[in-house]
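# A look at the structure
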Amino acid sequence: MPRFGGPATFMRLPAAENAEGLDAAFIGIPMDIGASHRPGTRFGPRQIRAESAMMRPYNMWTKAAPFDGLQVADIGDVPINTFDLKDTVRRITDFYDEVLRNDVIPLTMGGDHTLSYPVLRSIHKKHGPVALIHVDAHADINEQMFGEKIAHGTPFRRAYEEGLIDAHSTFQIGLRGTGYGADDFDIARSWGFTVFHAEELWYKSLAPLMEEIRAKIGDNPVYLTFDIDSLDPACAPGTGTVEMGGLMTSQALEIVRGCKGLNMVGCDLVEVSPPYDPSGNTATIAANLLYEMLCILPGVPYRT
């Protein structure tokens, strides 16, 4: 079958109706009703899958061979309610509760960043408070947006308030741009978060940073959430809230590959908005980063 033919699953993996018997499952959440500016992330999972068709099973640099050791499938999309954000949040948690009845690690394709909150609710039921590696241009810790407590700018305040994450093992990487208040990035520090501005990461390898993060997290369960707008818009223009001066794709690879050895219990890649990148390059980068996330999961064999 040519790469442009056949079912549109992530990396042309088998489609499965549920997570039974799987070690890792790719899941789409096609939503943008939590977005505050440019819409379009509802189409993110579909284009990520389409662009992933070019990818191959073996990682030529790290030597990871995920499909040699793990059972992996694409289990489709969460059936969201595109007219009701609060109901969608409930639906996402219910869906992941069912997924996590199995000993499986979910890899989520978004979709706006609201989705991390209900996924973390479900993750917490199984693993308790998790360490969080949050790669993003924005802190997403607003108290509210237009009077609403649930939106793509609020998930990690809600997660902190509900005890879903371990504040002292939460790392925000790539924050930048303008803010509503002078202390926008300091509020999370007062809770115990560790915050790295994009500017302090310019021109640097992030491998040493990830060594520090791994040492601090230790054996604790970890969730990785990667907002594609953490990347500079020169690399990834297909997103709703672009900010100049972002991370490079090589640094993104260092971050994800630097998670190898951690007790990963879930990952997501969010905020891909195909209408703003007709080339498909943003979705291609997203697909590759999701593959790299698969490569660092526990149990993945490495070829010598």
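Above this text sits the structure in question.
All values derive from a computational prediction rather than experimental measurement. (Residues numbered from 1 in each chain as written. Predicted model: local features only at pLDDT ≥ 70, side-chain atom pairs only at ≥ 80, totals over all residues. Heavy atoms only, no water.)

## Considerations on unusual backbone geometry
Counted only if it meets this: Helix and strand definitions here come from DSSP, where helices need a minimum of 4 consecutive H or I residues and strands a minimum of 2 consecutive E residues; each element is numbered from the N-terminal end. When a residue's accessible area, from a 1.4 Å probe over protein chains only, is under 20% of the maximum for its type it is buried; when over 50% it is exposed; and in between it is partly exposed.
Cis geometry marks the peptide bond from Gly 110 to Gly 111, where omega comes out at 15 degrees. Relative to the helices and strands, Gly 111 resides in the loop between strand E3 (105–110) and helix H4 (116–127). Unlike most non-glycine residues, Met 11 shows phi in positive territory, near 55 degrees. By the secondary structure assignment, Met 11 is in the segment before strand E1 (24–29). Of the residues examined, Met 11 reaches a relative accessible area of 10% and is grouped as buried. Of note in the backbone geometry, Arg 12 takes a positive phi value of approximately 60 degrees without being a glycine. Judged by relative accessible area, which is 36%, Arg 12 ranks as partly exposed.

## Describing the pairing of E3
Definition in use: Note: two strands are recorded as paired if DSSP finds a minimum of 2 bridges between them.
For E3, the tally of buried residues reaches six of six residues, placing the bulk of the element in the interior. Of the two faces of E3, both are covered, the one formed by Ile 105, Leu 107 and Met 109 as well as the one formed by Pro 106, Thr 108 and Gly 110. In this sheet, E3 lies alongside E1 in parallel orientation, the contact comprising six bridges. If you follow Ala 25 over to E3, its bridge partner there is Pro 106.

## Notes on the nonpolar core
For soluble globular proteins, the rule of thumb is that nonpolar side chains tend to be buried together. The condition is simple: Think of a nonpolar core as a cluster: buried Ala, Val, Leu, Ile, Met, Phe, Trp, Tyr and Cys residues, connected wherever their side-chain atoms sit within 4.5 Å. Any two residues whose heavy atoms approach within 4.5 Å at even a single point are treated as in contact.
The biggest cluster of nonpolar side chains holds 55 residues, and the ones touching the most others in it are Ile 48, Ile 133, Leu 269 and Leu 297. No other element matches the 10 residues that helix H9 (residues 281–295) contributes to this core. Contacts of Ile 48, omitting those with residues within four sequence positions, involve Phe 10, Met 109, Gly 110, Leu 269, Val 272, Ala 283, Ala 286, Ala 287 and Leu 290. Grouped together as the second largest cluster of nonpolar side chains are 41 residues, Ile 80, Ala 139, Ala 159 and Val 265 included.

## Comments concerning helix H7 (residues 207–217)
Note the cut-off: Note that the arc is computed from the directions linking the helix axis to the C-beta atoms.
Looking at H7, one finds that the buried residues are Leu 209, Met 210, Ile 213 and Ile 217. Down the axis of H7, the buried side of the element spans an arc of 95 degrees, and every buried residue falls inside it. After H7 finishes, the residue Gly 218 shows a positive phi value of roughly 65 degrees.

## Thoughts on the sheet that holds strand E2 (residues 72–77)
Applicable threshold: Interaxial angles span 0 to 180 degrees and are taken between N-to-C directions of axes, which are lines fitted to C-alpha atoms, for helices over the stretch in contact.
Read across the sheet, eight strands follow the order E2-E1-E3-E8-E7-E4-E5-E6 without closing on themselves; strand pairing throughout is parallel. Edge positions in the open sheet fall to E2 and strand E6 (194–197), since each of these has one partner strand only. Between one strand axis and the next, the sheet turns through 15 degrees on average, direction left out of account. One ladder, built from four bridges, connects E1 with E2; its direction is parallel. Bridge assignment links Ala 24 to a residue of E2, and that residue is Val 72. The strands that helix H1 (residues 44–51) touches are E1, E2, E3 and strand E8 (263–270); relative to E3, the one it contacts most, it runs at about 105 degrees. Relative to E1, helix H3 (residues 85–99) is tilted by about 165 degrees, and along the sheet it contacts E1, E2 and E3.

## Quick word on the pattern of salt bridges
Side chains that carry opposite charge are capable of pairing whenever their charged atoms lie near each other. As a reminder of what qualifies: By definition here, a salt bridge exists when the distance from a side-chain nitrogen of Lys or Arg to a carboxyl oxygen of Asp or Glu is within 4 Å.
Applying the stated criterion across every chain, the model contains 15 salt bridges. Here Arg 157 makes a salt bridge to Glu 143, at a shortest N to O gap of 3.2 Å. Here Glu 143 lies in the loop between strand E4 (130–135) and helix H5 (155–161) and Arg 157 lies in helix H5, a separation of 14 residues in the sequence. Exposure remark for Glu 143: the relative accessible area of 34% places this residue in the partly exposed category. A salt bridge links Arg 158 to Glu 143; the nearest nitrogen and oxygen atoms lie 3.4 Å apart. Pair noted here: Arg 158 is in helix H5 and Glu 143 is in the loop between E4 and H5, with a separation of 15 residues, a long-range link. Within this structure, Glu 143, Lys 149, Arg 157, Arg 158 and Glu 161 form a network of salt bridges that share partners.

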